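Here are the chains, one letter per residue:
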Amino acid sequence: MAIVELRFSALPEHVRTARLVAAAVARRAGVDEAVLDEVRLAVGEACSRAVGLHVGHGLDTPVRVALIEEEKKFSIEVGDAAPSATAGAHGSTGPAPASPAADSEEAESEMGLAVISGLVDDVEVIADDKGGLIRMSWPVTPEPVLP
């Protein structure tokens, strides 16, 4: 298993870099060319969501991205350090949004998750009071064996 890890400051301009790196690593891992646009879009959405959560919570910790190449699949994990207002929906108890701004942040976060779910068949979202993780994976095409 090969892993590429990225950590970047929660600034929107770094999301593009994460998308480009994810697409390059996905291509090298054997993800079908026809799916690479979906990989780019999903990573961009997940990273933008993480950046928004960090900014909204005033966090200066970096956004984490892990690109994991396995034998039959390629996975991407995007992690944030923002405590989740919706953690209860994912198995933990979290505080309810306290203001209209928090409601707006939650709505944007849920919209981002809906977009990711539409792009990726295999997606898992984990959130608690220590942060969140979006895990996405795609099948890889094995390299043909030459005779």
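Parameters at a glance
- Residues numbered from 1 in each chain as written.
- Predicted model: local features only at pLDDT ≥ 70, side-chain atom pairs only at ≥ 80, totals over all residues.
- Heavy atoms only, no water.
- Helix = DSSP H or I, 4+ residues; strand = E, 2+ residues; numbered from the N terminus.
- Contact = heavy atoms within 4.5 Å.
- Core = buried A, V, L, I, M, F, W, Y, C linked by side-chain atoms within 4.5 Å.
- Buried < 20%, exposed > 50% of the residue type's maximum accessible area, 1.4 Å probe, protein only.
- Salt bridge = Lys/Arg side-chain N within 4 Å of Asp/Glu carboxyl O.
- Expected span 1.5 Å × (residues − 1).

Engineer: Hey, could you run me through the environment of Val-43 in this one?
Structural biologist: Among the structural elements, Val-43 can be located in helix α2 (residues 36–56). Excluding residues within four positions of it along the chain, Val-43 makes contact with Ala-18, Arg-19, Ala-22, Ile-76 and Met-136.

Engineer: Would you mind showing me how to read the nonpolar core here?
Structural biologist: Inside soluble globular proteins, nonpolar side chains tend to come together where they are buried. Grouped together as the largest cluster of nonpolar side chains are 31 residues, with contacts concentrated most on Val-31, Cys-47, Phe-74, Ile-76, Val-78, Met-136 and Trp-138. Elements represented by at least two residues in this core include exactly α1 (13–29), α2, β2 (63–69), β3 (73–80), α3 (100–119) and β5 (131–139). Ranked by residues supplied to this core, first place goes to α2 with eight residues. Apart from the residues lying within four places of it in its own chain, the contact partners of Val-31 are Ala-26, Leu-36, Val-39, Phe-74, Trp-138, Pro-139 and Val-140.

Engineer: Looking at this structure, how should I read the pattern of salt bridges?
Structural biologist: Charged atoms that come close allow side chains of opposite charge to pair. Applying the stated criterion across every chain yields a total of six salt bridges. Note that Arg-40 is salt-bridged to Asp-37, the shortest N-O span being 2.5 Å. You can see Arg-40 and its partner Asp-37 sitting in helix α2, three residues apart, about one turn around the helix. With a relative accessible area of 47%, Asp-37 lands in the partly exposed category. A salt bridge links Arg-135 to Glu-124; the nearest nitrogen and oxygen atoms lie 2.8 Å apart.

Engineer: In this structure, what is going on with α1? I would like to understand it.
Structural biologist: Think of an α-helix as turning once every 3.6 residues; residues three or four places apart then point the same way. Taking 1.5 Å per residue, 17 residues should reach 24 Å; α1 reaches 25 Å between its end C-alpha atoms and fits that length. Three or more residues of α1 are buried, namely Val-15, Ala-18, Ala-22, Ala-23, Val-25, Ala-26 and Ala-29. At its buried positions, α1 is contacted by β1 (2–8), α2, β2 and β3. Looking one or two residues beyond α1, the residue adopting positive phi is Gly-30, at roughly 105 degrees.

Engineer: Can you help me understand α2 in this one?
Structural biologist: The end-to-end C-alpha separation of α2 is 30 Å, in line with the 30 Å expected for 21 residues at 1.5 Å each. Among the residues of α2, those classed as buried are Leu-36, Val-39, Ala-42, Val-43, Gly-44, Ala-46, Cys-47, Arg-49, Ala-50, Val-51, Leu-53 and His-54. Gly-58, located one to two residues past α2, shows a positive phi value of around 65 degrees.

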